[in-house]
Protein chains: 4
Amino acid sequence: MKITFIQTGGTIDKDYPHTTKGWAFEFGEPATNRILEKLDPSFEYNVITSCQKDSLEITDNDRQKLTDIINHQTGSKFIVTHGTDTMIETAEFLSKQIKNKLIVITGAMRPERFRNSDAETNIGCAIATANLMENGIFIAMHGIVKDYNEIERNLETGKFY
Amino acid sequence: MKITFIQTGGTIDKDYPHTTKGWAFEFGEPATNRILEKLDPSFEYNVITSCQKDSLEITDNDRQKLTDIINHQTGSKFIVTHGTDTMIETAEFLSKQIKNKLIVITGAMRPERFRNSDAETNIGCAIATANLMENGIFIAMHGIVKDYNEIERNLETGKFY
Amino acid sequence: MKITFIQTGGTIDKDYPHTTKGWAFEFGEPATNRILEKLDPSFEYNVITSCQKDSLEITDNDRQKLTDIINHQTGSKFIVTHGTDTMIETAEFLSKQIKNKLIVITGAMRPERFRNSDAETNIGCAIATANLMENGIFIAMHGIVKDYNEIERNLETGKFY
Amino acid sequence: MKITFIQTGGTIDKDYPHTTKGWAFEFGEPATNRILEKLDPSFEYNVITSCQKDSLEITDNDRQKLTDIINHQTGSKFIVTHGTDTMIETAEFLSKQIKNKLIVITGAMRPERFRNSDAETNIGCAIATANLMENGIFIAMHGIVKDYNEIERNLETGKFY
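Residues numbered from 1 in each chain as written. Chains lettered and ligands numbered in written order. Predicted model: local features only at pLDDT ≥ 70, side-chain atom pairs only at ≥ 80, totals over all residues. Heavy atoms only, no water.

(A) Region of the structure containing the interface of chain B and chain D. Taken together, the 29 residues of chain B in the interface contact 29 residues of chain D. Taken together, both faces of the contact between chain B and chain D bury some 2400 Å²; the carbon and sulfur share is 59%. In this structure, the connection of chain B to chain D is made through 4 salt bridges. The interface formed by chain B and chain D contains 12 residue pairs in polar contact (both at pLDDT 80 or more). (Contact = heavy atoms within 4.5 Å. Buried area = accessible area lost by both parts, 1.4 Å probe. Salt bridge = Lys/Arg side-chain N within 4 Å of Asp/Glu carboxyl O. Polar contact = N/O pair within 3.5 Å; in protein donor to acceptor, adjacent residues only side chain to side chain.)

Following this line, the structure appears as structure tokens:
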């Protein structure tokens, strides 16, 4: 099995600013690299950056670039790390142009850099989905893994169900 | 969805001894509790301790106790945390007396207490398997999720494939 | 020995926002509480919040409040956690109204919530200073502990010397 | 300022065994390296390994080797990481052959590899002592920094006072 991990930004990859007097977060290298180093996985993988954006700022141009990357990679299994606010919109966009591939969209409620992050468990959920499913577009958050058509989000708490 | 997590011991739950002059590890409370607190899952769950043993010391009596716990719980989805050395033996034992339930056996190569542990990613793999599969006995380690009949282990490196 | 820890905000106490769609950091409870829990210290202590501000936003009113807290506590040893940008200004302000007390100002370049934070080592530096010195106002950052009159900061890199 | 860090073993440097079926800890590279990387200190330093032993197994030969290393280094400030059970004995041994140098002995109650370790705070205490003192042999544990002649240990709880 081979999995291609694609970074688009979002909370999971937020890092502390390197400049003094910085206030907001900055995006760093994919957290996936650090998680996979600890896992020492038995599957093959590569890690690609498509964009580094807060998910409220992701545009259809960004989604088209992501689509093109997925359609041009040789493998059929993809884990996309993404901000939580527009995961479902990105899944819908991808569904129109991608067939016969398995895509799992995941992310985190707190950056992987944080000691109390949910990032590792979410990436684990995505990896198992890549093992068990052959095609479709899934979202994995809060310990729930569902087809993007079936998952729902509570907009007040931010939790997926 | 409801998942019952069952602790049997193994590397994932090894903690530093509380006595002075201690050398070997001691088993602590289930690491699953700490991981689930960070995840804030949308599914229901409970956490049970069956035993707290290194997996080389798990006996058929321990496996029978685990079987009985699973058969007497009301839910149908179980994640068993277990030492890595006899995961496959325990899966075989469970397979003979348990039907129509979904069991995922997982653990870790380094204790969850360690900063560089693989525990969270492994538990994530197990949780996604509980989402996606209806019955069977699976093992989730090193990013690989397979039926216990199909997974293999390299005895030199300790890695599952 | 008794040490009073006083929170004023700054990078050390920045936490991830709890609201969805949050971008900037929020201040959380004092990181000192979490560090002292791990240390299990043999000295007595209490932890007080004076304000929760980025150090560029700390005003002379905030500094007066901090001064008053220190002058009204019964003990003579204080560790003030503070943003790095105006540590020296706050030390100068305190020096004019506080006599015969030992104050150490410290903080962090990355929040204590981050896995790769310097917060614990800095708090350790401040604690040792409280052990060894009887009075004066010290700053502890980047492994350097000096009287506030003697420490210097490289404004480009943010490092204290 | 230059500080020489010397590893002798002890809890602070215990790591999980790399072999499968391992039960006891193994000593790894000095935890000091990882702590200093996060601190990004403004002082010069080097890190040396004298031995890698549980402190109950340290012999007078090991202590002589440590003494010789300290006496042959060019700097005058040393931080020795050491198991907690014989810190005071090692300090006494060093005191007989070393003059006009500043030595701080520290360690940890839980390995630095653990998320809930006290190692970073202890190393911070030692670093500040190296800043503030010119000579003598100090022990830094549990947030207490004292001359080795003055520190005491509760043998039941393991805590220094």
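(B) Structural context of empty space enclosed by the protein. Residues and elements named next belong to chain B. Evaluated as defined, the whole model comprises 1 cavity of 30 Å³ or more. Volume-wise, the largest cavity comes out at about 30 Å³. Lining the largest cavity, in full, are Thr8, Ser50, Cys51, Ile58, Asp62, Arg63, Leu66, His82 and Thr90. Of all the secondary structure elements, the ones that give two or more residues to the lining of the largest cavity are strand E4 (44-53) and helix H2 (60-72). For the lining of the largest cavity, the element with the highest residue contribution is H2, accounting for 3 residues. Looking at the lining of the largest cavity residue by residue, the class counts come to 3 nonpolar, 4 polar and 2 charged. (1 Å grid on protein atoms, 1.4 Å probe; cavity = no way out; pocket = protein on both sides within 12 Å on 5 of 7 lines; lining within 4 Å. Points joined across faces, edges and corners; volume = space filled by probe spheres on them. Helix = DSSP H or I, 4+ residues; strand = E, 2+ residues; numbered from the N terminus. Nonpolar A, V, L, I, M, F, W, Y, C, P; charged D, E, K, R; others polar.)

(C) How the structure looks around the sheet that holds strand E1 (residues 2-9) of chain B. Residues and elements named next belong to chain B. Here 6 strands make up an open sheet; going across it, the order is E4-E1-E5-E6-E7-E8 and the pairing mixed. With partners counted over all chains shown, the strands left at the sheet margins are E4 and strand E8 (144-147), one partner each. Here the average twist between neighbouring strands, direction ignored, is 20°. Two strands pair when backbone bridges link them, and strand E6 (residues 102-106) and strand E7 (residues 136-141) are joined in this way by 5 bridges, in the parallel orientation. Paired with Val104 across the two strands is Phe138, which belongs to E7. Packed on one face of the sheet, H2 meets E1, E4, strand E5 (77-81) and E6 and runs near 165° to E4. Its contacts with the sheet put helix H4 (residues 119-132) on E1, E5, E6, E7 and E8, and the angle it makes with E6 is roughly 170°. (Pairing = 2+ DSSP bridges. Axes fitted to C-alpha atoms, helices over the stretch in contact; angles between N-to-C directions.)

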